[in-house]
Amino acid sequence: MKGSERKIQVLDVTLRDGEQTRGVSFSASEKLNIAKFLLQNLKVDRVEIASARVSQGELESVRKIMEWAGTEGVQNRIEILGFVDANRSVDWILASGAKTLNLLTKGSLKHLEGQLKKTPSEHFKDVSDTIEYAKKNGLEVNIYLEDWSNGFRHSPQYVIDFVDHLVKTGVSKIFLPDTLGVLSPEETYEGVETLVSRHPNSHFEFHGHNDYDLSVANTLFAVKAGAKGIHVSVNGLGERAGNTPMEAVITALHDKGLIKTGIDEKEITEASRLVEVFSGKRISSNRPVVGEDVFTQTAGVHADGDKKGNLYANPILPERFGRKRSYALGKLAGKASISENLKLLGMVLSPEVEKKVLEKVIELGDQNKTVTPEDLPFIIADVSGTSAESALKITGCKIHSGLGTKPSASVELELKGKKYSETGEGDGGYDAFMTALTQILSKAGVQMPRLVDYEVRIPPGGKTDALVETMITWNKSPENHEEENFKTIGVHCDQTIAAVLATEKMLNLLLSSWHS
């Protein structure tokens, strides 16, 4: 893309369009926390948080967000989707305390005639009446041209006539949605450029959907054609294949489009994790920018190249997003992969031992076993012919859990030669174990780290007696989220016991690091 650098606006639709993802429904407190983070930390320009007239609960949710927005002076950065419905949406929005209506109108003749059974002139009048009523009551009005992409392809004169009409009404912004995700980048450019050149002083924004996995490319071409704003969703949440993913399109625009946005890149990862937790939709490990593995080099030759001059780094550097590069341990690992991980652990080995460690890591990788950097001390002890020193050993663990009974656990352990035992209850078997364990550690003056993530892997087609691999992600500090996360793995036929073994390994790693 050519041209001088310019700034565009970003409207985040995670809380409205993103909630149309199957199985996603944010609570009022979740919506408030996400809205706060998007506006204050991530620094998006505006957020669309709800659709009018959904429910009484949604109305109360919007009211809470608007009360908070009033204390922060950001009321005009919060928007609500409304409909051409004899002013009922406008009244709902006024009751919520919101200040901006994003009015959904028909952007294609096919939708207008097939769904509303109206003529263009009838629809134009209904829209004008709604705009007039909303503006008279103090609302700012933006317009969605629903199915604009098909409208521009199949009924272009209708779209042109409608946009000409809307410009005369004095609406603030006109949104151009690829509602069904059907556009190519070239089609997007042609459609946006036609309207921008016809109305150069108007504010057009592009709203993409990802059905062909082209929403990022389409958004870049919309900006190239003159769009002054884009719509995004954290983690690409949205109906069907989702909306334009915020993390990917912002990175691409910053690097490829000579474009500025107000987005703070260092907050992108945290925004992704927040939405992942609240939505319950786990993102894939190879998702661009925010996936677990996207800053991990797997091939040994890549690790070697990085060691010799960062030869395999691209402009999407992990530090931009508050992350760090890592080097995977598995059958493709090389000497440099081992060296880099040992460096991170502050360990130096003789060439002979390092070679044995590499051979063991490759052997485990061939067996399809996951190896983490935290496993290296145990592998080193194994290949050195010594026993890994364990400061803590769980000598007994009984967990009782079932329908109609409160889960409980009794735990016995030895810590530096001293025996402890405790019982506890919880919301599940592992939670009960953690309750008892935390009580023991408190007595021993050991602080339990923060559990960040808990993942269970069972081999496909595995039977009831199959080995289960439980991977738990921890953070050393319960309060300081800047501390680096680390993982431990437990393997057992029983899922809960696998988690217990992963926890025992974690505690020995921590006690060992504190001792050293």
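Below is a short write-up of the structure. It should be emphasised that the depicted structure is a prediction, and the values quoted were computed from it without experimental measurement. (Residues numbered from 1 in each chain as written. Predicted model: local features only at pLDDT ≥ 70, side-chain atom pairs only at ≥ 80, totals over all residues. Heavy atoms only, no water.)

Turning our attention to the overall build of the protein. A tally of regular secondary structure across the protein gives 17 helices and 18 strands. If you take every contact in the protein between residues at least 6 apart in sequence, the share linking residues at least 24 apart comes to 66%. Within the structure as shown, the protein displays about 24500 Å² of accessible surface, and the carbon and sulfur contribution to it stands at 50%. (Helix = DSSP H or I, 4+ residues; strand = E, 2+ residues; numbered from the N terminus. Contact = heavy atoms within 4.5 Å. Areas by Shrake-Rupley, 256 points an atom, 1.4 Å probe, with all protein chains shown as cover.)

Using the criterion set out here, one finds seven aromatic pairs in the structure. Between Phe124 and Phe162, the ring centres sit 4.7 Å apart and the planes meet at 10°, which makes this aromatic pair stacked. With Phe124 in helix α5 (residues 120-136) and Phe162 in helix α7 (residues 156-169), this pair connects stretches of sequence that are 38 residues apart. We note that Phe124, like Phe162, is buried. Between the aromatic rings of Tyr158 and Phe162, the centroid separation amounts to 5.9 Å while the plane-to-plane angle is 40°, which identifies the pairing as tilted. Here Tyr158 pairs with Phe162, and both are found in helix α7, just four residues apart, close to one helical turn. In this pair, the class of Tyr158 matches that of Phe162, namely buried. (Phe/Tyr/Trp six-rings, centres within 6.5 Å; stacked < 30°, edge-to-face > 60°. Buried < 20%, exposed > 50% of the residue type's maximum accessible area, 1.4 Å probe, protein only.)

Taken in spatial order, the three strands line up as β16-β17-β18 in an open sheet, and their pairing is antiparallel. The two strands at the open ends of the sheet, each matched to only one other strand, are β16 (450-457) and β18 (485-492). Adjacent strand axes in the sheet meet at a mean angle of 20°, parallel and antiparallel pairs treated alike. Where strand β17 (residues 468-475) meets β18, eight bridges bridge the pair, whose relative direction is antiparallel. The partner of Met471 across the bridge, within β18, is Ile489. (Pairing = 2+ DSSP bridges. Axes fitted to C-alpha atoms, helices over the stretch in contact; angles between N-to-C directions.)

Direction vectors running N to C along helix α8 (residues 185-198) and helix α9 (residues 215-224) enclose 30°, while the axes themselves pass 8 Å from each other. As summarised for this structure, α8 and α9 are arranged roughly parallel, according to the angle between their axes. Crossing geometry of α8 relative to α9 is assigned as right-handed. The residues of α9 that touch α8, namely those facing Pro185, Thr188, Tyr189 and Val192, are Ala217, Asn218, Phe221, Ala222 and Lys224. (Parallel < 35°, antiparallel > 145°, perpendicular 65-115°, else oblique. Left-handed = near helix turned anticlockwise from the far one by under 90°.)

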